[in-house]
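# Inside the fold
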There are 2 protein chains.
Amino acid sequence: MPEWTPAQQIVFEDWKRRVSEVYRLYGYTFLETPAMERSEVLAAKTGAQTQKQIYRIAKDGASTSLRFDLTVPLARYVSAHQSDLPFPFRRQAIGKVWRGERAQKGRFREFYQADADIIGREKLSLTADAEILAMVADAIEALCLGDFQLQISNRKVVIGFLDSLKVMDKAQVIQLLDDADKMSAAKLRQELELLRLDVFEIRKILKFASIRGDWDRASQELLALDYGNEEFNQGLDELGQLDRALRAFGLDPRMYQYNFGIIRGLDYYTGMIYETKLVEHPEIGSISSGGRYDNLVGAFSHTKYPGVGCSIGLTRLFSQAVAADLVDIRQTTVSQVCVLPFVEELEKVATVVRALRQSGIATELYLEGGGLTKSLRAAAKLGVPYVLIIGGDELAAHRLTLKNMSTGEQESLNLAQVIDTLQQF
Amino acid sequence: MPEWTPAQQIVFEDWKRRVSEVYRLYGYTFLETPAMERSEVLAAKTGAQTQKQIYRIAKDGASTSLRFDLTVPLARYVSAHQSDLPFPFRRQAIGKVWRGERAQKGRFREFYQADADIIGREKLSLTADAEILAMVADAIEALCLGDFQLQISNRKVVIGFLDSLKVMDKAQVIQLLDDADKMSAAKLRQELELLRLDVFEIRKILKFASIRGDWDRASQELLALDYGNEEFNQGLDELGQLDRALRAFGLDPRMYQYNFGIIRGLDYYTGMIYETKLVEHPEIGSISSGGRYDNLVGAFSHTKYPGVGCSIGLTRLFSQAVAADLVDIRQTTVSQVCVLPFVEELEKVATVVRALRQSGIATELYLEGGGLTKSLRAAAKLGVPYVLIIGGDELAAHRLTLKNMSTGEQESLNLAQVIDTLQQF
């Protein structure tokens, strides 16, 4: 489980704020659900792999568990409050989820997801899928991590394609394709042979999974496969509409491509699916993913509530971005100034400190006494950019000494000048 | 476990922001620890009552549990990172904790605490205790819940007093006094008799526990008890210093009193302890509490790290404040405007929407089609203050229709005027 230093935590808090602000600008309202859910709710729409990773609570017969994502709890919430909510319902949630994965580099058992979803009642236009993709691109851009590219696919195209191939065990093929980037091409071919697929079919599957490019190119290659059936064609049609909407929203064409090697492990997706890679840092893996889920809320309700959503794996991304030196960590404390008092009367010090705080300046008051050298050393350890020294004689003349800790320069100023300098910093 | 409506969640998010901002202005930096801790860490400094409420995770032999407060994890963190941290170390954390209490009105099994703490190395001045109290008063004031009063006591005074009485089982007497507000005076007297205390001693204890007032009055009454010993006198001295510092910090005298009926359940407090009541709503109980813990970090370390902290029970307070109608819940969505497009070209709509968002206006785009009546009904259900109607002919003349949803008035404006109106709202 991750634990940041105070300096890292300042940046991580800023990340949460930036992503949340982009979601807010798109009109996604806040909605938080509890960390614990009833175990059977979580089991309702979970793949076997995720099921094994769920943390159950050792109380009341393990009837509650920690959530493994933010989407299933949202579905449960929407079905419970369907008569009170407006539809389409846009919601954001930045919260922790838990998965009992084997600990490995960049994987955590407790991590933040930053999610945004739109849930419709009975229907939800494909333009919603495009809005989600355009918005998550804005959110990732707000983190200033360099170029990235959304990788878009569609479950109907994948399932339709496999159907037309008469594959016996689609789930296993899907699982293999989902894991394809973790194995060599030879190994993948071998695994597919174990599923009793013939050479001809394997070649088709590998060809399908290697299709990528803009919609002109990807759609031509898909059509060239000449394996259409109704589901496949519906997926193609959805992607065509999605592409037109993405262009209309003005999403930079370099920021997305179609990629039919993208599968997504979770069972609940029914249409568009996507993942995201940093162009300069493909080794970090997918930093954001999501898609369309038309039946997830339906699992808890009689009415159909189609949804589409995105999720940024904030903790994993932060950890890897720190490791790859993509994050500018410069502050070690939220304090902008540390006040070192060398006067008897705490009242007078408190007056100065209060004025600074009322001007919005984060002000730490050093209360431990001792000489100037010791106090300055403590302030230096704190990493605060400025120190304000309050001396008795000086204070009587309404002067204070402001020291810039990075340049070492110090000035004798009145309180208004101190506030002015600190506000400009 | 609590779950708010979107309208309530908007206010709750605002509460978290306000409290965090006050803590930031005092220089308390962010530090988050995982929800799960090793079970033995949590057990190290827990009263028997809290111990029973801990949620253990049904994995790896229940060796991990959910945290029941934010202070014990902070102590573990500080001892693990003591060589990297500056001291005194000021930290804030607003996070969830879990306690398996019996569900009852205003009590939750999962709830937010908004904590701030100062940890010193080897020593920590009593002025730190005063800073914590002054700051938490500012934080509570920022929530605009009417008059409140901090109730301050000191563990040394309590223990010293009980010592001088030759009470056999101090822990039981302390537990009884902590629960005193949940029982009648007669019942309390009866319970004290069961502990084999004589009438004379019981009268002393009840007298002690009923002392309250400003420091002049409270200290006189304490001295009049004439039961001093070293610990008692040390506690008195600490409170005297604390009171001088509170005056120096300019804390409004109506915002605090000394109250020796205040005990605090948790075992780790060693000096100042406090609780907080809303003056007009005493039935809500204590909304914030905390105190001095000189040995908590020491439980995980060889060096002494005295600390003092405050905690606002944010979830419980919010739930009760909503029930008592103290919270002004007016927005049902973060969206400031909902855009209803009636033009073919999504590009043109997207241009308008992008301009609004770039001006910082939270803009929801209605994508579901249908006529004006249906779309306006959806926007009304959303509770958005403004609707922006984009019609084809109008747009060609660079005009848009902005409708105020509460007055029903609508105006034909250009884009700059729309932005201006929405930014002023």
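Reading the values: the criteria
Residues numbered from 1 in each chain as written. Chains lettered and ligands numbered in written order. Predicted model: local features only at pLDDT ≥ 70, side-chain atom pairs only at ≥ 80, totals over all residues. Heavy atoms only, no water. Contact = heavy atoms within 4.5 Å. Buried area = accessible area lost by both parts, 1.4 Å probe. Salt bridge = Lys/Arg side-chain N within 4 Å of Asp/Glu carboxyl O. Pairing = 2+ DSSP bridges. Helix = DSSP H or I, 4+ residues; strand = E, 2+ residues; numbered from the N terminus. Least-squares fit on C-alpha atoms with pLDDT ≥ 70 in both. Buried < 20%, exposed > 50% of the residue type's maximum accessible area, 1.4 Å probe, protein only. Patch = residues over 30% accessible without salt bridge, like charges linked within 9 Å, V, L, I, M, F, W, Y side chains within 5 Å. Areas by Shrake-Rupley, 256 points an atom, 1.4 Å probe, with all protein chains shown as cover. Lys, Arg positive; Asp, Glu negative; His and termini not counted. Charge placed at Lys NZ, Arg CZ, Asp CG, Glu CD. pLDDT = per-residue confidence, 0-100. Axes fitted to C-alpha atoms, helices over the stretch in contact; angles between N-to-C directions. Parallel < 35°, antiparallel > 145°, perpendicular 65-115°, else oblique. Left-handed = near helix turned anticlockwise from the far one by under 90°.

### Let's talk about the interface of chain A and chain B
- Counting residues at the interface gives 81 residues for chain A and 81 residues for chain B.
- Interface area for chain A against chain B, summed over the two sides, is near 6,700 Å², with a carbon-plus-sulfur share of 55%.
- When the area that chain A buries against chain B is broken down by residue, the three leading residues are Glu 3, Phe 30 and Glu 32 of chain A, summing to 11%.
- Our enumeration of links across chain A and chain B arrives at ten salt bridges.

### Digging into the sheet that holds strand β8 (residues 256–259) of chain B
All names here are of chain B.
- A sheet is described by the order of its strands in space; here nine strands give the open sequence β1-β4-β5-β11-β10-β9-β6-β8-β7, paired in mixed fashion. Edge positions in the open sheet fall to β1 (29–30) and β7 (212–213), since each of these has one partner strand only.
- Inspection of the sheet shows strand β5 (residues 110–119) paired to strand β11 (residues 307–312) by six bridges, in the antiparallel sense. When the bridges of β11 are listed, Asp 115 appears paired with Ser 311.

### Considering the relation of the copies chain A and chain B
- Between the two copies, chain A and chain B, the superposition gives an RMSD of 0.0 Å; the rotation angle is 180° and the shift along the axis is 0.0 Å. Viewed as a symmetry operation, the transformation between the two copies matches a two-fold axis.
- When you check the interface residues of chain A against chain B, 100% turn up at the interface there too, and the contact is symmetric in its surfaces.

### Section: helix α4 (residues 71–80) of chain B
- For α4 of chain B, the tally of buried residues reaches nine of ten residues, placing the bulk of the element in the interior.
- Residues Thr 71, Val 72, Pro 73, Leu 74, Ala 75, Arg 76, Tyr 77, Val 78 and Ser 79 of chain B constitute the buried set of α4 of chain B.
- Check the buried side of α4 of chain B and you find it contacts α1 (6–25) of chain A together with β2 (36–38), α2 (39–44), β4 (89–98), β5 and β10 (288–293) of chain B.

### Considerations on a negative patch on the surface
- On the surface, Asp 138, Glu 141, Asp 147 and Glu 280 of chain A cluster together into a negatively charged patch.
- Given a relative accessible area of 52%, Asp 147 of chain A falls into the exposed group.

### Here we look at the side chain of Gln 9 of chain B
- Assignment of secondary structure puts Gln 9 of chain B in helix α1 (residues 6–25).
- Among residues more than four places away in sequence, those in contact with Gln 9 of chain B are Phe 30, Leu 31 and Glu 32 of chain A together with Trp 4 of chain B.

### Overview of the confidence of the model for chain A
- Put simply, chain A has an average pLDDT of 92, and 97% of its residues get 70 or more.
- Listed scores for the predicted complex are pTM 0.94 and ipTM 0.94.

### Some thoughts on the packing of α1 of chain A against helix α5 (residues 126–141) of chain A
Residues and elements named next belong to chain A.
- Taken N-terminus to C-terminus, the directions of α1 and α5 make an angle of 150°; their axes are 9 Å apart at the nearest point. In terms of orientation, α1 and α5 fall into the roughly antiparallel class. Considering the relative orientation of α1 and α5, their crossing is right-handed. Between α1, through Val 19, Val 22 and Tyr 23, and α5, the contact on the second element is made entirely by Met 135, Val 136, Asp 138 and Ala 139.

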